[in-house]
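One letter stands for each residue in the lines below.
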Amino acid sequence: MTRHAVVALTLAAAVGGLTAPTAFADSIPSPSTASVVPTDPVVTGVTVNGGNDVVVGTTERKSFTVTVHGSAAPGLHFADVDLLGPNVGFYTTDTFCESPTACTTGFTVDPRRDTYNEGFDLSNANAGTWYVDTLVDTNDGDSLYTRHAGAFRLQRAARITVNAAPEPVAKGRTITVTGKLTRANWDSYRYAGYTGQTVSLQFRPKNSDTYTTVKTLKTDGTGNLRTTVKAATDGYWRWNFAGTTTTAPKKATGDYVDVR
């Protein structure tokens with residue numbers, strides 16, 4: 001073989017080596033057109049009522065949202081959501097997901113017989129910790145059931161009153177502070193005294209924004225509160241109930257006393 005023939009073969013091989021990778025690259029889909037690899041659905045959490053307890057009185061319906069958070073490829077599509085509480089408490093609904101990672105639906109709790117939820121009749125025994133069960137479907141037809149995906153408290157609303165007297169009062173004299181703690185009764189649709197509950201008596205000086213606990217005591221057999229304190233300076237007196245698992249917390253509006 002002549003020198004020229006060897007050079008020609010070498011050039012042909014070099015050209016072939018350059019064109020082959022280009023042809024192979026054309027056969028690879030770009031990231032924007034590549035198909036999504038399916039993954040198993042995962043429920044990562046639940047948000048109920050914006051992260052707040054659901055508090056219900058005696059007459060007005062309470063509406064709130066429940067959002068199921070999760071992930072899956074190619075995304076979440078539909079969700080069944082069940083709420084389960086004490087004494088066989090139960091609500092259910094379903095919804096299409098608003099995004100590949102979130103599915104939000106709404107609930108309405110009626111303290112009276114709830115025609116919107118198959119006649120479920122809310123009772124005092126239903127107050128307490130509730131759980132969220134969910135079944136989610138993905139856009140590729142997969143599904144996942146999650147028991148107790150989240151929890152929240154469905155609570156009876158509370159009311160509390162306060163009265164500090166006399167007004168005005170001489171410095172160093174005795175102030176009598178009274179009040180009453182009641183809570184919603186879902187059986188009678190009225191507010192009734194909440195007995196044997198610890199409540200804090202708090203004071204805020206006239207030119208302050210901060211309340212300080214002065215003493216604590218328990219409500220009597222009808223939910224009443226009564227105690228005495230010494231008048232020292234102008235300010236506001238209130239009762240503060242921290243709440244229980246079944247009953248929401250409540251603070252009274254401060255009652256101002258002028259000390260002279």
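Right above here is the structure, for reference.
Treat the numbers as computed from the prediction; the structure is a model and nothing was measured. (Residues numbered from 1 in each chain as written. Predicted model: local features only at pLDDT ≥ 70, side-chain atom pairs only at ≥ 80, totals over all residues. Heavy atoms only, no water.)

Asks: What's the story with the sheet that holds strand β1 (residues 39–48) in this structure? I'm lost.
Replies: For sheets, the rule is that strands pair by backbone hydrogen bonds, running either parallel or antiparallel. Across the sheet, three strands lie side by side as β1-β3-β6; this open sheet has antiparallel pairing. If you trace the sheet from one side to the other, it starts and ends with β1 and β6 (102–109), each paired once. Going across the sheet, the axis of each strand differs from the next one's by a mean of 20°, ignoring polarity. Looking at chain direction, β1 and strand β3 (residues 62–73) are connected through seven bridges and run antiparallel. Among the inter-strand pairings, V46 is bridged to a residue of β3, identified as V68. (Pairing = 2+ DSSP bridges. Helix = DSSP H or I, 4+ residues; strand = E, 2+ residues; numbered from the N terminus. Axes fitted to C-alpha atoms, helices over the stretch in contact; angles between N-to-C directions.)

Asks: Teacher, can you tell me more about the state of the cysteines here?
Replies: When the sulfur atoms of two cysteines share a covalent bond, that bond is a disulfide. Taken as a whole and judged by the stated rule, the model has one disulfide. The residue that forms a disulfide with C97 is C103, at a sulfur-sulfur distance of 2.1 Å. Here C97 and C103 share a disulfide; its torsion about the S-S bond, 75°, makes the bridge right-handed. (Disulfide = S-S within 2.5 Å.)

Asks: It is not clear to me how the sheet that holds strand β7 (residues 128–138) should be interpreted in this structure. Could you clarify?
Replies: The strand order across the open sheet built from five strands is β2-β8-β7-β4-β5, with neighbouring strands paired in mixed fashion. Unpaired on one side and paired on the other, β2 (54–56) and β5 (89–96) mark the two borders of the sheet. Each adjacent strand pair in this sheet contributes to an overall mean axis angle of 25°, direction not counted. Summarising the sheet, strand β4 (residues 76–85) and β7 pair through eight bridges and their orientation is antiparallel. When the sheet's bridge partners are listed, D82 is paired in β7 with D133.

Remember that the coordinates give geometry; whether it matters functionally is a separate question.
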